[in-house]
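Topology and contacts: notes
Spelled out, the chains give:
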Amino acid sequence: MEFHWPIRVYYEDTDSGGVVYHSNYLNFMERARTEFLRSHGFGQAELRQDLGVLFVVRGLTLKYRRPARFDDALQVITRLIEAGRSLIKFEQAIYRDDELLVNATIEIVCIDAEQFRPVIIPAVMRNMINPTEFE
């Protein structure tokens with residue numbers, strides 16, 4: 001199962017040439033991961049408040065292929081590919097129609113909201129987000 005999140009490129013997302021500024025692709029991917037979690041019942045505020053955890057980026061690899069431009073309608077596709085005790089790994093890709101613009105692998109770590117140290121992903125979350133359901 002893939003999670004699709006639509007994004008419209010606004011003027012503020014672009015440089016003076018009307019091309020999406022490179023770091024904004026990461027913002028688009030962050031929003032899509034947040035909405036992916038929300039679609040499974042895990043809002044960021046609730047994760048912190050109710051479960052005492054946050055998710056932070058540990059690492060990523062990213063490849064730019066084609067530029068997005070002002071007013072483009074994009075799709076950010078998010079797929080969970082691995083889940084460990086405290087790590088979740090995602091593949092994400094941004095498309096304009098059928099054209100791949102950017103793709104990335106992003107590692108997210110579950111941390112204690114107070115101590116900022118890695119902790120085990122809460123059981124309620126592990127039970128709901130099972131990587132085998134996304135294959």
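Up top is the structure.
These remarks concern the structure in this document.

About the cut-offs
- In every chain, residue numbers begin from 1 and rise along the written sequence.
- Totals for whole chains, interfaces and linings use every residue, but because this is a predicted model, local features are given only for residues with pLDDT of at least 70 and side-chain atom pairs only at 80 or more, for both listing and counting.
- Excluded from the side-chain calculations are hydrogens and water; all other atoms, namely the structure's heavy atoms, are used.
- In short, DSSP must find at least two bridges between two strands for them to pair.
- Numbering of helices and strands starts at the N terminus; helices are DSSP runs of H or I of at least 4 residues and strands are runs of E of at least 2.
- Axis definition: a line fitted to C-alpha atoms, over the contacting stretch in the case of helices. Angles run 0 to 180 degrees between N-to-C directions.
- The rule for a salt bridge is simple: a side-chain nitrogen of Lys or Arg has to be within 4 Å of a carboxyl oxygen of Asp or Glu.
- Each residue gets one of three labels from its accessible area relative to the maximum for its type: buried under 20%, exposed over 50%, partly exposed in between, using a 1.4 Å probe on protein chains only.

1. Describing the sheet that holds strand β5 (residues 99-112)
One open sheet holds the five strands; their spatial order is β1-β3-β4-β5-β2, and the pairing between them is antiparallel. Two strands in the sheet have a free side with no partner beyond their single neighbour: β1 (3-8) and β2 (53-64). Each neighbouring strand pair of the sheet contributes to a mean axis angle of 25°, computed without reference to strand direction.

2. A look at the pattern of salt bridges
By the definition in use, this model includes ten salt bridges. A salt bridge links K89 to E82; the shortest N-O distance between them is 3.6 Å. A relative accessible area of 19% means that K89 is categorised as buried. The class for E82 is partly exposed, based on a relative accessible area of 35%. With a shortest N-O distance of 3.8 Å, K89 and E107 are connected by a salt bridge. Of this pair, K89 sits in strand β4 (residues 87-96) while E107 sits in strand β5, and the two are 18 residues apart along the sequence.

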